[in-house]
Amino acid sequence: MSRLAVDMRRALDPAALAEDVGMLPDPWQAEVMRTAALRVLLNCCRQSGKSTTCALKAVHVAVYEPESVILLLSPSQRQSQELFRKVLAVYKSLGRPVPSEGENALSLTLENGSRVVSLPGTESTVRAYSAVRLLIVDEAARVPDDVIAAVRPMLAVSGGQLIALSTPFGRRGWWYEAWEHGGKSWQRVRIPATDCPRISPDFLDEERAALGPWFFDQEYGCEFGDTEAAAFASEDIAAMFREDVKTWTV
Ligand SMILES: Nc1ncnc2c1ncn2[C@@H]1O[C@H](COP(=O)(O)OP(=O)(O)OP(=O)(O)O)[C@@H](O)[C@H]1O
Ligand SMILES: [Mg+2]
C-alpha cells in the first residue's frame, strides 16, 4: 500500500491505527476507538486493554483532528504518567505521523496545533483547560466527584467526548451512579475477564483465591461490590491507592 493510502486508511479508521502498531483490537476495542458517542462508560476488567484502547483513540484524534485538546485524567500522578507513556508509545511506533513541537513526561504538543495532556485528578490542576475535544478519565471509579464536576464544563462549548474507564469500586461515586442510574445518554461497554481472550481460566482461579470474592468480582467480573459488605472500611481501601500515605518498610 502506498504511504498516502496507509495514511488515508488510518485517518478514516482508528482501528486501522491499532493494527499499524501491531495490535489486533478486540471487537469492543475497535468499537470504542470508532465511537462518536459523546458519553461512554467502559466497565472492563483488569488488563482487558482499556487504557491502551483510549491511548490509541487519543493519538488518533490528536493526529487527524488539528487543534484538538485531549485531556487524560487519572486519580494519581503515577497513573497519569503510566497512561501518558502508552500515548507516547503509540505516537512513536506510528513513526510520529505529525511532528511534535513539545514533548515531556505528561504532555505532547503537535505541529498541527493538537495537544495531549495527562493530569492527576485534583480539582486545582484540571481547572486550567477549556474547549476539550476528548476527555479520558482512567480508573474513573477512583476519581473524586468534585474533580469530575470541575472538568465536565470543559466539554460544553466544544461538544467534546467523555470516555470514563474503570473497574468498579463499590456502590458509590459518580462513575457508579452514571453506570447504574445515568440513563440512555451513556454508551456502556462491559467486558468481564471471561470475555477477554488474553486472560486464562487458570489465572482467574488463582486470582479468585488470592483476592477473595469482593475484590475478585469487581476486578475481573465488572460487578459493583456491596459497600456495606466490604471487609474493609472504604477509607482504608481508598488509602491503599493514595500516594501521600506512607507505607511501612519492614
Ligand atoms: N487487542 C490486544 N491484543 C494484544 N494485546 C493487547 C490488546 N489489548 C491490550 N493488550 C495488552 O494487554 C495489556 C493490558 O492492557 P492495558 O494496560 O491497556 O489494560 P487495562 O485494562 O488498562 O489494565 P488495568 O486494569 O490493569 O489498568 C497490555 O500489555 C496491552 O498491550
Ligand atoms: Mg489501565
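Look up a bit, the structure's there.
Residues numbered from 1 in each chain as written. Chains lettered and ligands numbered in written order. Predicted model: local features only at pLDDT ≥ 70, side-chain atom pairs only at ≥ 80, totals over all residues. Heavy atoms only, no water.

On to the nonpolar core, then. In terms of nonpolar packing, the biggest core is built from 36 residues, with Leu42, Ile70, Leu72, Val87 and Val116 touching the most fellow members. The element best represented in this core is helix α4 (residues 50-64), accounting for eight residues. Those residues in contact with Ile70 that sit more than four places away from it in its chain are Ala58, Val61, Ala62, Arg115, Val116, Val117 and Leu134. Ala140, Ala141, Trp174 and Trp186 belong to the second largest nonpolar core, which has 30 residues in total. (Core = buried A, V, L, I, M, F, W, Y, C linked by side-chain atoms within 4.5 Å. Buried < 20%, exposed > 50% of the residue type's maximum accessible area, 1.4 Å probe, protein only. Helix = DSSP H or I, 4+ residues; strand = E, 2+ residues; numbered from the N terminus. Contact = heavy atoms within 4.5 Å.)

This part is about unusual backbone geometry. Backbone phi values are negative for most residues with the exception of glycine, while trans is the configuration of most peptide bonds. For Gln47, which is not glycine, the phi torsion reads 65° and is therefore positive. By the secondary structure assignment, Gln47 is in the loop between β1 (39-44) and α4.

So, on to the side chain of Ser74. Looking at the secondary structure, you find Ser74 in strand β2 (residues 69-74). Taking the relative accessible area as the measure of exposure, Ser74 reaches 0% and is therefore buried. What Ser74 contacts, discounting residues up to four positions off in sequence, is Gln79, Ser80, Leu83, Leu119, Pro120, Gly121, Asp138 and Val143.

Next up on the list: the site of ligand 1. In the vicinity of ligand 1, 16 residues are found, and the nearest of them are Gln29, Gln47, Lys50, Ser51 and Thr52. Here an oxygen atom of ligand 1 and a backbone polar atom of Ser48 are 3.2 Å apart. The side chain of Lys50 places a nitrogen or oxygen atom 2.7 Å from an oxygen atom of ligand 1. A total of 640 Å² of accessible area belongs to ligand 1 in isolation, and the protein chains cover 74% of it. Tallying contributions element by element places α4 first for the shell around ligand 1, with three residues. (Near = heavy atom within 4 Å. Polar contact = N/O pair within 3.5 Å; in protein donor to acceptor, adjacent residues only side chain to side chain. Areas by Shrake-Rupley, 256 points an atom, 1.4 Å probe, with all protein chains shown as cover.)

Across the sheet, which stays open at both edges, the eight strands sit in the order β3-β4-β5-β2-β6-β7-β1-β8 with mixed pairing between neighbours. Whereas interior strands pair on both sides, the edge strands pair on one side only; in this sheet they are β3 (100-103) and β8 (187-191). The mean inter-strand angle of the sheet, taken between neighbouring strand axes irrespective of direction, is 15°. Contacting β1, β6 (134-137), β7 (161-166) and β8, helix α8 (residues 173-181) runs over the sheet at an angle of about 100° to β1. (Pairing = 2+ DSSP bridges. Axes fitted to C-alpha atoms, helices over the stretch in contact; angles between N-to-C directions.)

Any functional reading would require information beyond the geometric quantities listed.
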